[in-house]
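# Overview (structure and organization)
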Amino acid sequence: AAVDSNENRASFSQYNDQVEIAAPGVGVKSTLPGQGLPGDGSPRDGSYASWSGTSMACPHVAGVAALVWSHFPNCSNKHIRQALIASARDKGAAGCDRLFGHGIVSAQG
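Residues numbered from 1 in each chain as written. Predicted model: local features only at pLDDT ≥ 70, side-chain atom pairs only at ≥ 80, totals over all residues. Heavy atoms only, no water.

## Some remarks on the side chain of S87
The condition that has to hold: Per the convention used, a helix needs a DSSP run of H or I reaching at least four residues, while a strand needs a run of E reaching at least two, with both numbered from the N terminus. Each residue is placed in one exposure class: buried if its accessible area under a 1.4 Å probe, protein chains only, is under 20% of its type's maximum, exposed if it is over 50%, and partly exposed if it falls in between. Two N or O atoms form a polar contact when they lie within 3.5 Å of each other; inside protein one atom must be a possible hydrogen donor and the other a possible acceptor, and for residues adjacent in sequence the pair counts only when both atoms belong to side chains.
Positionally, S87 belongs in helix α2 (residues 77-87). With a relative accessible area of 18%, S87 lands in the buried category. Engagement of the side chain of S87 in a polar contact is seen with the backbone oxygen of L84, the distance being 3.4 Å.

## Quick notes on the packing of helix α1 (residues 54-71) against α2
Note the threshold: For helices, the fitted axis covers only the stretch in contact; all axes are lines through C-alpha atoms, and the angles between them, taken along N-to-C directions, range from 0 to 180 degrees. The handedness criterion is simple: a crossing whose near helix is rotated anticlockwise from the far helix by less than a right angle is left-handed, and one whose near helix is rotated clockwise is right-handed. Note on contacts: a residue pair is in contact if any heavy atoms of the two residues lie within 4.5 Å. Side-chain classes follow a simple rule in which Ala, Val, Leu, Ile, Met, Phe, Trp, Tyr, Cys and Pro form the nonpolar group, Asp, Glu, Lys and Arg form the charged group, and the remainder, Gly included, forms the polar group.
With their axes 10 Å apart at the nearest point, α1 and α2 run at an angle of 115 degrees to one another. You can see that α1 and α2 cross each other, and the crossing is right-handed. Of the residues in α2, those in contact with V61, V64, A65, V68 and W69 of α1 are I80, A83 and L84. Tallied by class, the residues present in the contact of α1 with α2 amount to 8 nonpolar, no polar and no charged.

## Focus: unusual backbone geometry
Phi angles above zero are rare outside glycine, and E7 is one such case at about 65 degrees. By the element assignment, E7 lies in the loop between β1 (2-3) and β2 (23-24).

## Let's talk about the nonpolar core
Selection criterion: By nonpolar core we mean a set of buried residues, namely Ala, Val, Leu, Ile, Met, Phe, Trp, Tyr and Cys, connected to one another through side-chain atoms within 4.5 Å.
Formed by 13 residues in total, the largest nonpolar core has its most connected members in I21, A23, V61, V64, L84 and V105. Listing elements by their share of this core, those giving two or more residues are α1 and α2. For this core, the element with the highest residue contribution is α1, accounting for 5 residues. Each residue touching V64, except ones within four places of it in the same chain, is listed here: L84, V105, S106 and A107. If you look at the next biggest cluster of nonpolar residues, it comprises 6 residues, including A1, V3, V19 and A22.

## Re the environment of Y15
Following the sequence through the fold, Y15 ends up in the loop between β1 and β2. Under the relative-accessibility criterion, Y15 is labelled partly exposed at 46%. In sequence terms Y15 and L99 are 84 residues apart; their C-alpha atoms lie 4.9 Å from each other. Those residues in contact with Y15, other than ones at most four positions away along the chain, are R9, R98 and L99.

Written out as structure tokens, the structure is:
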């Protein structure tokens, strides 16, 4: 699920019993692909733009998963998933819920 900077569920975000974790996904700055030579004035010369979507929330979760794995390289994907769930900041109804899953992803546990 995607949340905004106030940790509210994004209006476009999915919510059901399949949601496991939430992450920032509204107005997330991202790089734009370079289309020309550096400094040619092209609006897409490696600059930044803000985007919204669950596709912007996903990299936050993947990044935290990669961070955990870098510290515990012998862990299985199941262990990494359990670590993400255990370290998520609970949001919404206590425990796992349909809006935020187990909570908002957190790199600090």
